[in-house]
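# Close look at the chain arrangement
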Amino acid sequence: MTGAELLIKTLEEIGVDTIFGFPGGSALPIYDALYSNKKIRHIKTVHEQGAAHAADGYARATGKVGVALSTSGPGATNLVTGIANAYMDSIPMVAFTGQVPLSLLGKDSFQEVDITGVTLPITKHSFILRDKNDIVKKVKEAFLIATTGRPGPVVVDLPKDVMAGEVNEKTVKKDVNGFVASYTSKQAIPESQQKQLQKAAEMINEAQRPVIYAGGGVITSGANHELLKFAEKIEAPVTTTLMGITGFPSEHPLCLGMLGMHGTAYANMAVTECDLLIAVGARFDDRVTGKVEAFAPKAKIIHMDIDPAELGKNVDIDLALKGDVKTLLERIIELVSCKKRGLWLETVNGWKQTYPLKYCNKGLKPQFVIEEICRITSGDAIIATEVGQHQMWAAQFYKFKNPRSFISSGGLGTMGFGLPAALGAKLGRPDKVVFNIAGDGSFEMNCHELITAASYNIPVITVIFNNRTLGMVHQWQEMFYDGRFSHSELGEGTDYVKLAEACGAAGFRITEKEQVEQTISKAIDLNKPVVIDVRIDPKEMVMPMVPPGMPISRMLGLD
């Protein structure tokens, strides 16, 4: 058995069923081992960045580890943006990279790059596998590290001679490193934490105007049911980050939607006026807080997070609770009292009625298209997005019912993420209708992955809000740079219908509001890759908006 064959067998035993990758010289022993394998599906993307984003989307949609594979040198460096994207959003991924033989390392050999060094700041761990007897052990460690604690990507660099060499399966090391085992094992809540939980319960019981601020950690830990139970027991409204949107049902009476720069006015007002902010699996990102000194100025803050480095990092907090938020919520639900907070909820509901999300419903509007997709799919689709205005419209106007149904680049804000991530999500959840909501600028970043979609007949529907501009850049230039549209206008550009057809997908164009329902329904019924070019006004903006550096209470676009 070769090292590569042992690698593939180990991945099978771990439960890997899908790998996204692109072959090359240093990875040939691994691809040779995949040739006769019947249990692991390999999806060859057009570009390695597409492989990384597809693995990311697969992980977000399924909760399992996404796996990417590349050759050395440029193949490995092409994964870097996707790895960084997963790192910023705490997504479990293992990226296997081919490497030149050990004897050629450090000699500037053909397609040699120190990928473990390159990715050190954007991974939970990265290492080169130098000993063929460590293959099983190190692969298991990589998956443990990727999935435990705060999840994230791990890079495993695989020299060609280690993969090609013969190995005796009976003599290889199979037990993970003792430190890794202790690091990844679940720890009981210590006595000091029990006291902190009791203190948190007291603060919650005493609060008159509490707000729950939920982030992506709720989804990662599978704590959506606990969050719902907690919110209903203490009658606290819930606002979410972009990453946490699907952690709480969008149409629940206690839901405030997203907060921050493009959040709802009523979420921002509730956070500004609350006397207790309970942060659950969130990290107080700058797009959430706005001017930090003016964020939740009247509130005490309880912060629950599994990563101790995040506790109190960006804002001053009054009480820190370290641990898995599902476990913490289970315990705190037992300790808090049922509370009726009718006056506070009445105030919040008044803001909802006074400042709803709205738009001028004349002509073809992107917000209307999102609402129609939601209506036609009954809020049960998986929505992936690129990055920009369309991303915010999807977050604002699609009413999500289920966790892991919004696949979007939050921390890194990666244009080109949506299409390959949607492909990964669809392969992971073939039972779901999957849309990629895109802008024309973002779509063009990785539009070549339509070839991947067509090659494997992955029925993802891409809806392009085509305003012939880099929409969010254009909006900022209009609002803050006196309308100096420096290099943000695309002209008439590409015919996306013809591009789709050239790649083997179906293409449609929508120019009138009356075409939306029929076109969306037809795209779903086709059950093949589809691109829908939706022509919208370049003057359409995402509102409300908090100007950069301002308090989140100072929103534009409310009138």
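Heads up: the structure comes first, above all this text.
Since the structure is predicted, the reported quantities are computational estimates derived from the model, not experimental observations. (Residues numbered from 1 in each chain as written. Predicted model: local features only at pLDDT ≥ 70, side-chain atom pairs only at ≥ 80, totals over all residues. Heavy atoms only, no water.)

## Re the nonpolar core
The biggest cluster of nonpolar side chains holds 45 residues, and the ones touching the most others in it are F20, I83, I407, F443, V460 and V531. One finds A381, A394, A523 and I536 within the second-largest nonpolar core, a separate group that totals 37 residues. (Core = buried A, V, L, I, M, F, W, Y, C linked by side-chain atoms within 4.5 Å. Buried < 20%, exposed > 50% of the residue type's maximum accessible area, 1.4 Å probe, protein only.)

## Description of a nonpolar patch on the surface
A surface patch of nonpolar side chains, about 230 Å² in accessible area, is lined by Y87, M88 and L412. Here L412 shows up in the loop between β14 (406-407) and α19 (418-428). (Patch = residues over 30% accessible without salt bridge, like charges linked within 9 Å, V, L, I, M, F, W, Y side chains within 5 Å. Areas by Shrake-Rupley, 256 points an atom, 1.4 Å probe, with all protein chains shown as cover. Salt bridge = Lys/Arg side-chain N within 4 Å of Asp/Glu carboxyl O. Helix = DSSP H or I, 4+ residues; strand = E, 2+ residues; numbered from the N terminus.)

## A word on the packing of aromatic side chains
Using the criterion set out here, one finds 10 aromatic pairs in the structure. Between Y213 and F284, the ring centres sit 5.0 Å apart and the planes meet at 70°, which makes this aromatic pair edge-to-face. A residue pair is termed long-range when its members are at least 10 positions apart, and Y213 in strand β7 (residues 210-214) and F284 in the loop between β10 (276-280) and α14 (286-289) qualify at 71 residues. Here Y213 matches F284 in class, with each residue buried. Plain terms: the ring middles of F284 and F295 are 6.0 Å apart, the flat faces sit at 90° to each other, and that makes the pair edge-to-face. One end of the pair, F284, is in the loop between β10 and α14; the other, F295, is in the loop between α14 and β11 (300-305), and 11 residues separate them in sequence. By the burial criterion, F284 is buried, and F295 matches it. Every member of this aromatic cluster is reached through a ring pair, and the members are Y213, F284 and F295. Its end group placed over the ring of F368, K513 keeps NZ or CZ at 4.8 Å from the ring centre. (Phe/Tyr/Trp six-rings, centres within 6.5 Å; stacked < 30°, edge-to-face > 60°. Lys NZ or Arg CZ within 6 Å of the ring centre and 35° of its normal.)

## Observations regarding the sheet that holds β10
Read across the sheet, 6 strands follow the order β9-β8-β7-β10-β11-β12 without closing on themselves; strand pairing throughout is parallel. Across the chains shown, the open sheet's two edge strands, defined by having one partner strand only, are β9 (255-258) and β12 (319-322). Between one strand and the next, the sheet's axes are offset by a mean angle of 15°, whatever the strand orientation. Relative to β12, β11 runs parallel, the two being bridged by 4 bridges. Note that in β12 the partner of D305 across the bridge is K322. (Pairing = 2+ DSSP bridges. Axes fitted to C-alpha atoms, helices over the stretch in contact; angles between N-to-C directions.)

## Comments concerning unusual backbone geometry
With an omega of 0°, the peptide bond between M543 and P544 qualifies as cis. The backbone of F284 shows a phi angle near 55°, a positive value even though the residue is not glycine. What makes F284 buried here is its relative accessible area of 3%.

## Considering the packing of helix α13 (residues 265-273) against helix α16 (residues 342-354)
At a minimum axis separation of 9 Å, α13 and α16 run at an interaxial angle of 145°. Here α13 runs over α16; the crossing is right-handed. Listed contacts from α16 to Y266, M269, A270 and E273 of α13 are W344, V348, W351 and K352. Here the contact of α13 with α16 is composed, by residue class, of 6 nonpolar, no polar and 2 charged. (Left-handed = near helix turned anticlockwise from the far one by under 90°. Contact = heavy atoms within 4.5 Å. Nonpolar A, V, L, I, M, F, W, Y, C, P; charged D, E, K, R; others polar.)

## Details of the pattern of salt bridges
Applying the stated rule across the entire model yields 24 salt bridges. In this structure, K9 engages E169 in a salt bridge whose closest nitrogen and oxygen atoms are separated by 2.7 Å. Residue K9 is located in helix α1 (residues 3-14), and its partner E169 is located in the loop between α8 (160-164) and α9 (178-184); the two are separated by 160 residues in the primary sequence. A salt bridge links R331 to E334; the nearest nitrogen and oxygen atoms lie 2.7 Å apart. Of this pair, R331 and E334 both sit in helix α15 (residues 325-335), 3 residues apart, which is roughly one turn of the helix. For R331, a relative accessible area of 22% translates into the label partly exposed. Members of the salt-bridge network, linked through shared partners, are E492, D495, R509, D533 and R535.

## Examining the sheet that holds strand β15 (residues 434-439)
With respect to topology, 6 strands assemble into an open sheet ordered β14-β13-β15-β16-β18-β17, the strand pairing being parallel. Of all strands in the sheet, those with a lone pairing partner are β14 and β17 (506-510), marking the two edges. Strand direction decides the pairing type here: strand β13 (residues 382-385) and β14, joined by 2 bridges, are parallel. Opposite A384, over in β14, you have I407 as the bridge partner.

## Some remarks on the pairing of strand β16 (residues 460-466)
Of all 7 residues making up β16, 7 are buried, and the element is well covered by its neighbours. Of the two faces of β16, the one carrying V460, T462, I464 and N466 and the one carrying I461, V463 and F465 are both buried. Here β15 runs beside β16; their pairing, made up of 6 bridges, is parallel. Pairing of I437 across the sheet is with V463, part of β16. Relative to strand β18 (residues 530-535), β16 is paired through 6 bridges, and the arrangement is parallel. Note on β18: the bridge partner recorded for I464 is D533.

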